[in-house]
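What follows is each chain in one-letter form.
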Amino acid sequence: MKVSVVGAGYVGLVSAACLADVGNDVVCLDVDAGRIRILLDGGIPIHEPGLLEIVRRNVQAGRLRFTTDERLAALHGDVQFIAVGTPPDENGSADLRHVLAAARGIGRYMDGYRVVADKSTVPVGTADRVREVIAEEMAARGVDLAYSVVSNPEFLKEGAAVEDFMRPDRIIVGADDTRAVDYLRELYAPFQRNHQRLLVMDVRSAELTKYAANAMLATRISFMNELANLAEDLGADIELVRQGIGSDPRIGWHFLYAGCGYGGSCFPKDVKALLHTANQQGHELPLLRAVELVNERQKQRLIDKIVLRMGENLHGRCFALWGLAFKPNTDDMRAAPSRVVIDALLARGASVVAYDPVAMEEARRLLGSRQGLKYASQPMDALADADALIVVTEWKEFRSPDFARMGRQLRERIVFDGRNMYEPAVVRRHGLEYHGIGR
Ligand code: UDX
């Protein structure tokens, strides 16, 4: 099938590459010429395991092309995916500027029936606005072509995006007409494997499903973080509690890890946007508001522990910080807890030597050369002059460090483990002082 994807970010690029990989003829459009340049030069603009290989393979096979030409993309795909960013605006609602601009581009040049499928996370009701702007563009050039607007939210996780796209738990299609559903059924047939994974529903339910999924996951995390803080006062271990409740199939194992808060491009933004949508309808959503509040506090939790242990004034103190990305296997630092920790330490006069396997370039871009902030090229190098180590992201390579060496290098021999990566007893056996979350 001929497919166009508007947006070459996480969602767009992964979708375009994976759809090409099963034999579709895909054009991927981005208005950012720099981004398209990188792709045309054989690179990818994001860090995502496995993605470069798929992109290269399909470009070589002639099934995947990149362009900044709106007309080319609008004329190409029978299915037109909109997969552009929806950053929060000042009041927390999703900014639809890019989504509507993408829709206008399609309406301006399409020359026959199109299925316009929204993959961006957009507030309920956005499909109606997409439909309107396409109609406006066609009216402006005096044509009246048939088209369908459907909601097809994406659930992929950064760091596992290719796998998530290739082997989805479910494919949500929100459509108000069957013609569009037939196209998407055919397009997604190779990803169904042995089960029917395509769930067809009305457009608004599909739009809400995406927010509901992320809000539910964020709720689980904040719930566990809240309990973790209580466990500390009660002398209980949240890790054992997690295992105790996760074994109940009604609860399940996933997303029960207490830590220093959730970050990333989705949870913080989508929780805010859902709260905003609810407010517009006259609803408070007190539970979800608490989820957000608990998470904001949790990002401060490591700082509270450091201050409690080492005092308010951290002048002259040096901290090694492991992990800048909001989670492992990505260089994404959007809403990353590391940023809150770094800001707070620098503000208190401390210096920080940070290490991350892939996000240091991104950190330099975002944080610039801030006084007191340095980067180490190896994890152990970060410890050279440090009083204490702070672990913020649970990268695999941090899992089994040389604790004996750590003990020799850290001046105060203290470990603040924001992701409960280590067994407290093991760390203590090496003569280090251990502070986890909820243990
Ligand atoms: C999320 C959703 O999982 C995905 O379905 C959606 O499409 C986009 O948003 P992503 O933001 O890539 O994906 O990351 P995810 O792996 O879900 O982690 C989000 C944050 O929660 C990270 O900061 C992570 O460290 C944190 N987290 C996750 C916890 O603190 N505890 C957990 O138990 C799980």
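Everything quoted here is computed from the prediction, not taken from an experiment.

Draft legend 1. Main features of unusual backbone geometry. Of note in this structure, Asn-329 is not a glycine but carries a positive phi near 65°. Residue position: Asn-329 is located in the loop between strand 9 (318-322) and helix 13 (337-347). On the neighbour-count criterion, Asn-329 (19 C-beta atoms within 10 Å) is partly exposed. Of note in the backbone geometry, Ala-335 takes a positive phi value of approximately 55° without being a glycine. Topologically, Ala-335 is positioned in the loop between strand 9 and helix 13. On the basis of neighbour count, Ala-335 is assigned to the partly exposed category, with 19 C-beta atoms found within 10 Å.

Draft legend 2. Main features of the UniProt feature "binding site: substrate" (unreviewed entry) in the protein chain. In the numbering used here, UniProt assigns the "binding site: substrate" (unreviewed entry) feature to Phe-155, Leu-156, Lys-157, Glu-158, Lys-210, Phe-255, Leu-256, Tyr-257, Ala-258, Gly-259, Gly-263 and Lys-327. Across 173 residues of sequence, these annotated residues are also dispersed in space, with a maximum C-alpha separation of 24.0 Å. Counting through the fold element by element, Leu-156 comes out in the loop between strand 6 (147-151) and helix 7 (161-166). Residues contacting Leu-156, with those up to four places away along its chain left out, are Val-11, Val-14, Ala-161, Asp-164 and Phe-165. By the element assignment, Gly-259 lies in the loop between helix 10 (238-246) and helix 11 (267-280). For Gly-259, the residues in contact, after removing those within four places along its chain, are Gly-418, Arg-419, Asn-420 and Ile-437.

Draft legend 3. Broad picture of the sheet that holds strand 14 (residues 433-435). The sheet built from 6 strands is open, its strands ordered 11-10-9-12-13-14 with parallel pairing. If you trace the sheet from one side to the other, it starts and ends with strand 11 (373-375) and strand 14, each paired once. Averaged over all adjacent pairs, the angle separating strand axes in this sheet is 20°, with direction ignored. One ladder, built from 5 bridges, connects strand 9 with strand 10 (residues 351-355); its direction is parallel. Its bridge partner lying in strand 10, Leu-321 is registered against Ala-354. In the packing of helix 13 onto the sheet, contacts are made with strand 9, strand 10, strand 11 and strand 12 (388-391), and the angle to strand 9 comes to roughly 175°.

Draft legend 4. Region of the structure containing the nonpolar core. Counting 127 residues, the largest nonpolar core has Cys-28, Val-116, Phe-319, Leu-321, Ala-386, Leu-389 and Ile-390 as the members making the most contacts within it. Ranked by residue count, the leading element in this core is helix 9 (residues 203-234), at 10 residues. When we break this core down by domain, the ones giving at least three residues each are domain 1 (2-201) and domain 2 (235-435). Contact partners of Leu-321, with chain neighbours within four places excluded, come to Ser-338, Val-341, Ile-342, Val-352, Ala-354, Ile-390 and Val-392.

Draft legend 5. Summary view of the site of the ligand. Taken together, 19 residues sit near the ligand, with Glu-158, Tyr-257, Tyr-262, Gly-264 and Cys-266 positioned nearest. Looking at which element gives the most residues to the shell around the ligand, the answer is helix 9, with 3 residues. Here the shell around the ligand is composed, by residue class, of 11 nonpolar, 4 polar and 4 charged.

Draft legend 6. Representation of the domain arrangement of the protein chain within the structure. According to the domain assignment, the protein chain contains domain 1 (2-201) and domain 2 (235-435). Using C-alpha coordinates to define each centre, domain 1 is positioned 34 Å away from domain 2. Listed per partner, the contact involves 12 residues of domain 1 and 15 residues of domain 2. Its residues assigned to classes, the side of domain 1 that touches domain 2 comprises 5 nonpolar, 6 polar and 1 charged.

Draft legend 7. A look at the environment of Leu-96. Here Leu-96 is to be found in the loop between strand 4 (79-82) and helix 5 (97-109). Classification of Leu-96 by C-beta neighbours within 10 Å gives buried; the count is 20. As a C-alpha pair, Leu-96 and Val-84 span 12 residues in sequence and 9.3 Å in three-dimensional space.

Draft legend 8. Fine view of the UniProt feature "domain: UDP-glucose/GDP-mannose dehydrogenase C-terminal" (unreviewed entry) in the protein chain. The positions UniProt marks with the feature "domain: UDP-glucose/GDP-mannose dehydrogenase C-terminal" (unreviewed entry) are residues 320-424. Between the C-alpha atoms that bound residues 320-424 the distance is 19 Å, and the span itself is 26% helix and 18% strand.

Conventions and cut-offs
- Residues numbered from 1 in each chain as written.
- Predicted model: local features only at pLDDT ≥ 70, side-chain atom pairs only at ≥ 80, totals over all residues.
- Helix = DSSP H or I, 4+ residues; strand = E, 2+ residues; numbered from the N terminus.
- Buried ≥ 20, exposed ≤ 12 C-beta atoms within 10 Å, placed from the backbone.
- UniProt positions renumbered as here; feature names shortened; annotations may be inferred.
- Contact = placed C-beta atoms within 7 Å.
- Pairing = 2+ DSSP bridges.
- Axes fitted to C-alpha atoms, helices over the stretch in contact; angles between N-to-C directions.
- Core = buried A, V, L, I, M, F, W, Y, C linked by C-beta atoms within 7 Å.
- Domains from an automatic or database assignment.
- Near = placed C-beta within 6 Å.
- Nonpolar A, V, L, I, M, F, W, Y, C, P; charged D, E, K, R; others polar.

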